[in-house]
Amino acid sequence: MLDIVQRQTVRYFWEGGHPASGLARDRLKTTGNEPNDLVAIGGSGFGIMAIIVAVERGWLDRIEALGRLHRMLDLLEASPRYHGMFPHFINGSTGDTIPFRRKDDGADLVETTFLFQGLICAREYLDRAAGEEQRFRGRVDALLAQAEWGWFQRKGKLYWHWSPKHQWAMNTPIEGWNECLLAFVLAAGSQHHAIDPDCYHNGFAAGPGFHNSREHHGIVLPLGMDFGGPLFFAHYSFCGLDPRGLKDRHADYWEQNVRHARINHRHCVLNPHGHHGYGPDCWGLTASHGPTGYVAHAPDRDVGVITPSAALSSFPYMPAQAMSALRGFLARPRKRIWGRFGFVDAFCENQNWYARTYLAINQGPIVAMIENHRTGLLWKLFMGAPEVRLGMARLGFIESMPKGLMHVRAQADCPAVPQRASGDLRGRAWS
């Protein structure tokens with residue numbers, strides 16, 4: 001069942017990727033591959049991780065996948081960057097910046113972080129000594145070296161945006177607990193443009209809404225807003241950053257993420273607002289589309305919209321509860337919730353509403369986090385990267401992985417899979 005879900009979802013990035021560059025479109029409709037040049041930088045990073053999983057499991061040919069990754073880099077290298085950072089959206093044919101908001105038309109530090117997360121995993125995976133894999137690693141290293149993290153450090157904080165036209169007008173420091181931990185790890189680990197570690201400890205971790213320590217649904221939450229906020233806080237940075245035994249002076253990040261997921265699950269089981277469909281087999285609140293548009297759904301912003309990515313990306317934290325959700329999702333009207341690229345973005349049974357779209361930043365973590373649950377593949381790749389090791393050391397992280405949390409690649413879970421025809425992701429799937 002996990003094979004089928006991962007494999008079908010990878011198709012979003014492989015078959016649904018932009019025809020010119022291969023990068024991930026921000027969203028796709030369930031009805032067909034309509035013309036769409038809107039490429040998501042962060043979503044492309046998650047897509048790169050999904051492609052690596054597909055190669056490892058034998059669903060994609062390694063050489064063909066490498067060719068796709070080189071094609072992605074062709075456009076990324078030619079795209080405008082702002083002190084080495086990419087914008088939120090680009091045109092998948094031309095590389096031109098597409099503004100996210102009126103003043104958000106330049107660098108987006110966090111979206112760039114998620115792109116780099118994927119590129120670093122691919123660089124570590126494609127480790128053959130010569131040829132195109134060596135060239136790929138060199139191209140990734142060059143992009144990483146050009147990222148001027150220190151430019152975005154101002155007044156003791158790291159800032160999310162910068163625009164050549166509007167400068168610092170967005171005025172958004174990265175602070176408080178959210179999805180951005182990884183940005184500080186990569187910024188601190190930069191070879192030539194590293195930030196001061198105090199920017200993390202006295203900026204991000206000292207910001208409003210970082211520490212919590214209050215009880216929600218009977219569970220004490222170490223960090224973040226009340227009830228934890230949208231569940232992507234426990235996913236986006238942790239597709240590559242391994243939280244098992246990961247600690248610093250502020251928190252134990254495994255405990256933080258497990259408790260966040262438990263609160264999210266318990267809220268849906270208790271269902272204080274009486275939403276139709278909620279229960280042990282239907283839970284998961286995170287940012288997604290809904291009947292009224294895109295909303296960062298959370299227990300304190302619960303309008304009855306369930307996002308499959310929230311529960312399925314939580315397999316490492318709550319495997320039994322995530323599997324219950326998976327089985328529950330599959331018991332729903334399949335043609336409305338499941339399609340050519342896996343589960344649709346979200347649904348709301350109160351209004352008999354099912355999204356007619358898939359979203360890159362929700363599809364990608366499904367593949368990545370299920371794989372981390374099964375084999376720890378992406379965690380192993382990312383945590384072995386030199387810039388990650390350096391960044392963690394500079395910020396004072398320690399790793400103390402309990403023996404019971406060590407991932408062993410079990411033969412029963414991940415048997416040897418013969419290579420199939422190039423680009424063949426069809427295999428067994430639900431239609």
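Further up the page is the structure itself.
Residues numbered from 1 in each chain as written. Predicted model: local features only at pLDDT ≥ 70, side-chain atom pairs only at ≥ 80, totals over all residues. Heavy atoms only, no water.

Enquirer: Hey, could you run me through the overall build of the chain in this one?
Expert: The number of helices and strands found in the chain is 14 helices and 19 strands. Referenced to the eigenvectors of the C-alpha coordinate spread, the extents of the chain come out at roughly 55 × 50 × 50 Å. Out of the 431 residues in the chain, the part that is buried amounts to 61%. For the chain, restricting intrachain contacts to residue pairs at least 6 apart in sequence, the fraction spanning at least 24 positions comes to 69%. When the accessible surface of the chain is summed, it comes to about 15700 Å², and 51% of that surface belongs to carbon and sulfur atoms. (Helix = DSSP H or I, 4+ residues; strand = E, 2+ residues; numbered from the N terminus. Buried < 20%, exposed > 50% of the residue type's maximum accessible area, 1.4 Å probe, protein only. Contact = heavy atoms within 4.5 Å. Areas by Shrake-Rupley, 256 points an atom, 1.4 Å probe, with all protein chains shown as cover.)

Enquirer: Can you walk me through the pattern of salt bridges in this structure?
Expert: Think of it this way: side chains of opposite charge can pair up when their charged atoms draw near. Taken as a whole, this structure holds 20 salt bridges when the rule is applied. Across the pair Arg123 and Glu387 runs a salt bridge, and its minimum N-O distance is 2.6 Å. Here the residue Arg123 occupies a position in helix α4 (residues 109-125), and Glu387 occupies one in helix α14 (residues 386-395), the gap between them amounting to 264 residues. Overall, Glu387 belongs to the buried group, its relative accessible area being 16%. One continuous salt-bridge network, built from bridges that share partners, spans Asp3, Arg57, Glu371 and Arg374. (Salt bridge = Lys/Arg side-chain N within 4 Å of Asp/Glu carboxyl O.)

Enquirer: Help me understand the sheet that holds strand β2 (residues 38-40), please; the structure alone is not making it clear to me.
Expert: Neighbouring strands of a sheet are bound in pairs by backbone hydrogen bonds; such pairs are parallel or else antiparallel. In space, the 3 strands of this open sheet follow the order β2-β3-β4, with antiparallel pairing throughout. Of all the strands in the sheet, the pair left with one neighbour each is β2 and β4 (97-98). Inspection of the sheet shows strand β3 (residues 89-91) paired to β4 by 2 bridges, in the antiparallel sense. Bridging across to β4, Ile90 finds its partner in Thr97. Across the face of the sheet, helix α2 (residues 41-56) comes into contact with β2 and β3 while running at roughly 65° to β2. (Pairing = 2+ DSSP bridges. Axes fitted to C-alpha atoms, helices over the stretch in contact; angles between N-to-C directions.)

Enquirer: Where do I start with the environment of His193 in this structure?
Expert: On the secondary structure map, His193 appears in the loop between α6 (181-188) and α7 (198-204). Distance in space between the C-alpha atoms of His193 and Ala145 is 8.1 Å, their sequence separation being 48 residues. Sequence-distant contacts of His193, that is, excluding residues within four places in its chain, are made with Ala145, Ala147, Glu148, Trp149, Gly150 and Ala187.

Enquirer: Honestly, the nonpolar core in this entry has me stumped. Any pointers?
Expert: When a protein is soluble and globular, its nonpolar side chains tend to lie buried together. Within the largest apolar cluster, 136 residues are counted, with the highest numbers of intra-cluster contacts made by Leu241, Tyr253 and Phe329. Aside from chain neighbours lying at most four places away, what touches Tyr253 is Trp177, Leu181, Tyr200, Phe210, Leu223, Phe238, Pro243, Leu246, Lys247, Asp248 and Phe397. (Core = buried A, V, L, I, M, F, W, Y, C linked by side-chain atoms within 4.5 Å.)

Enquirer: What am I meant to see in helix α10 (residues 319-330) here?
Expert: Helical geometry: 3.6 residues make up each α-helical turn, so side chains three or four residues apart lie on a common side. In this model α10 runs 16 Å from its N-terminal to its C-terminal C-alpha over 12 residues, within 8% of the 16 Å that 1.5 Å per residue would give. The complete set of buried residues in α10 reads Ala322, Ala325, Leu326, Gly328, Phe329 and Leu330. (Expected span 1.5 Å × (residues − 1).)

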